[in-house]
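In case you want the letters, here they are:
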Amino acid sequence: MKTDEPSAGQLNVELPNGQAVACITESEALLLWSEMSEEGMYGIAAGRLRPGDAVLDIGANIGLASLMFRHTVPDVRIIAFEPAPMTFACLEENLRRHVPGAVAVRAAVSDEVGELDFTFYPNSPGNSGLFADREADDETTRHFLRNSGIDEEFIDELLEGLHCGTSLTVPATTVSETIRRYGLDDIGLLKVDVERAELSVLRGIEDDHWPRIRCVAAEVHAEGGRLEEIVALLGKHGLSAEVSQSPRLVGTPLYDLVATRADRP
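Student: Would you take a moment to explain helix H4 (residues 85-98) for this structure?
Tutor: Note on helix geometry: an α-helix contains 3.6 residues per turn, so any two residues three or four positions apart are oriented the same way. Taking 1.5 Å of rise per residue, the 14 residues of H4 would be expected to cover 20 Å, and the 20 Å separating its terminal C-alpha atoms lies within 8% of that figure. Along H4, the residues that are buried comprise Thr87, Phe88, Cys90, Leu91, Glu93, Asn94, Leu95 and Arg97. Those residues of H4 hidden inside the fold are in contact with strand S1 (11-14), strand S2 (20-23), helix H3 (64-72), strand S4 (77-81), strand S5 (103-105) and strand S7 (114-120).

In structure tokens:
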């Protein structure tokens, strides 16, 4: 019989709302939960969900966005994707505890089905990804910590070894393959948080599947024209994007994007 005791390599942390979740690092879990506010990107997207909607949580990490979506609209169908084995184990456990009926898929979502190289940061699992860049990730975190009021003298100490990565080979799928596999006729929300792989996720959507997607919420790394390209791609398929940046991320290439379909309520 399963219990709420964490498995080997997992920790339990109590969120401010009283829910206990499995995680790899307590500080990151609490930081991720702080992003789930009504005013933030995920809160705005959750507010547009309707009962019965399908939600694709791509780059689910330990599943906190899925928890928030289900809390906001209890009758949603969630399929959550996470490729890193340790993180996926936490995702499975948290969905079991708090989002019954949700499906956890251990895979990266990209523009092709197969296997891909993936970099896992044990000390910063949320920054792991297909296109990890230790130097850039250190710099982004430095700005975040500075904007959060952390004393400069402590920042170098906090960054030490934070983005030391391990290379993995992970299974990969696409949004369109997921639509076919699960028979999804309508997707209320496509949530994307994949550390520089956002464009790859969107390129994995076939033209005839775009009309099924009502809303996209994505964290975008605006490097090399990626943000502009994503906005243009969404616009081509009838989704109008609004872009914002958290004050804690000023000076970084990280932006929040919420895109909705003008021709559908």
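Student: Honestly, the pattern of salt bridges in this entry has me stumped. Any pointers?
Tutor: Pairs can form between side chains of opposite charge whenever their charged atoms are close. In the structure shown here, the tally under the stated rule is 16 salt bridges. As a salt-bridge pair, Arg146 and Glu152 come within 2.9 Å of each other at their nearest N and O atoms. The exposure class of Arg146 is partly exposed, given its relative accessible area of 35%. We note a salt bridge from Arg180 to Glu206, for which the minimum N-O separation is 3.0 Å. In this pair, Arg180 sits in helix H7 (residues 175-182) while Glu206 sits in the loop between helix H8 (198-203) and strand S10 (215-221), placing the two residues 26 residues apart along the sequence. The exposure class of Arg180 is partly exposed, given its relative accessible area of 46%. Several salt bridges share partner residues, and in doing so they unite Asp137, Arg196, Glu198, Glu223 and Arg226 into one network.

Student: It is not clear to me how the environment of Asn61 should be interpreted in this structure. Could you clarify?
Tutor: Considering the arrangement of structural elements, one finds Asn61 in the loop between strand S3 (54-58) and H3. Using a relative accessible area of 10% as the deciding quantity, one classes Asn61 as buried. For the pair Asn61 and Leu168, spaced 107 residues apart in the sequence, the C-alpha separation amounts to 16 Å.

Student: When you look at the sheet that holds strand S9 (residues 187-192) in this model, what are you seeing that I'm missing?
Tutor: Note on sheets: strands pair through backbone hydrogen bonds, and any given pair is parallel or antiparallel. On the basis of which strands lie adjacent, the open sheet formed by seven strands has the order S5-S4-S3-S9-S10-S12-S11 and mixed pairing. What marks the edges here is a single partner per strand, and that holds for S5 and strand S11 (239-244). For this sheet, the mean angle separating the axes of adjacent strands, direction not counted, is 15°. Its contacts with the sheet put H3 on S3, S4 and S9, and the angle it makes with S4 is roughly 175°. Contacts between H4 and the sheet are confined to S4 and S5, with S5 contributing the most and set at about 175° to the helix.

Student: What exactly am I supposed to notice about a nonpolar patch on the surface here?
Tutor: On the surface, Ile150, Phe154 and Leu158 cluster together into a nonpolar patch covering about 250 Å² of accessible area. Tracing the chain through its elements places Ile150 in the loop between helix H5 (134-147) and helix H6 (152-159). Overall, the relative accessible area of 32% leaves Ile150 in the partly exposed class.

Student: How should I be thinking about the sheet that holds S7 in this particular structure?
Tutor: Across the sheet, which stays open at both edges, the three strands sit in the order S6-S8-S7 with mixed pairing between neighbours. Each end of this open sheet is capped by a strand with a single partner; those strands are strand S6 (108-109) and S7. Here S7 runs beside strand S8 (residues 166-173); their pairing, made up of seven bridges, is antiparallel. The residue bridging Asp117 from the neighbouring strand is Thr169, located in S8.

Cut-offs applied
- Residues numbered from 1 in each chain as written.
- Predicted model: local features only at pLDDT ≥ 70, side-chain atom pairs only at ≥ 80, totals over all residues.
- Heavy atoms only, no water.
- Helix = DSSP H or I, 4+ residues; strand = E, 2+ residues; numbered from the N terminus.
- Expected span 1.5 Å × (residues − 1).
- Buried < 20%, exposed > 50% of the residue type's maximum accessible area, 1.4 Å probe, protein only.
- Contact = heavy atoms within 4.5 Å.
- Salt bridge = Lys/Arg side-chain N within 4 Å of Asp/Glu carboxyl O.
- Pairing = 2+ DSSP bridges.
- Axes fitted to C-alpha atoms, helices over the stretch in contact; angles between N-to-C directions.
- Patch = residues over 30% accessible without salt bridge, like charges linked within 9 Å, V, L, I, M, F, W, Y side chains within 5 Å.
- Areas by Shrake-Rupley, 256 points an atom, 1.4 Å probe, with all protein chains shown as cover.

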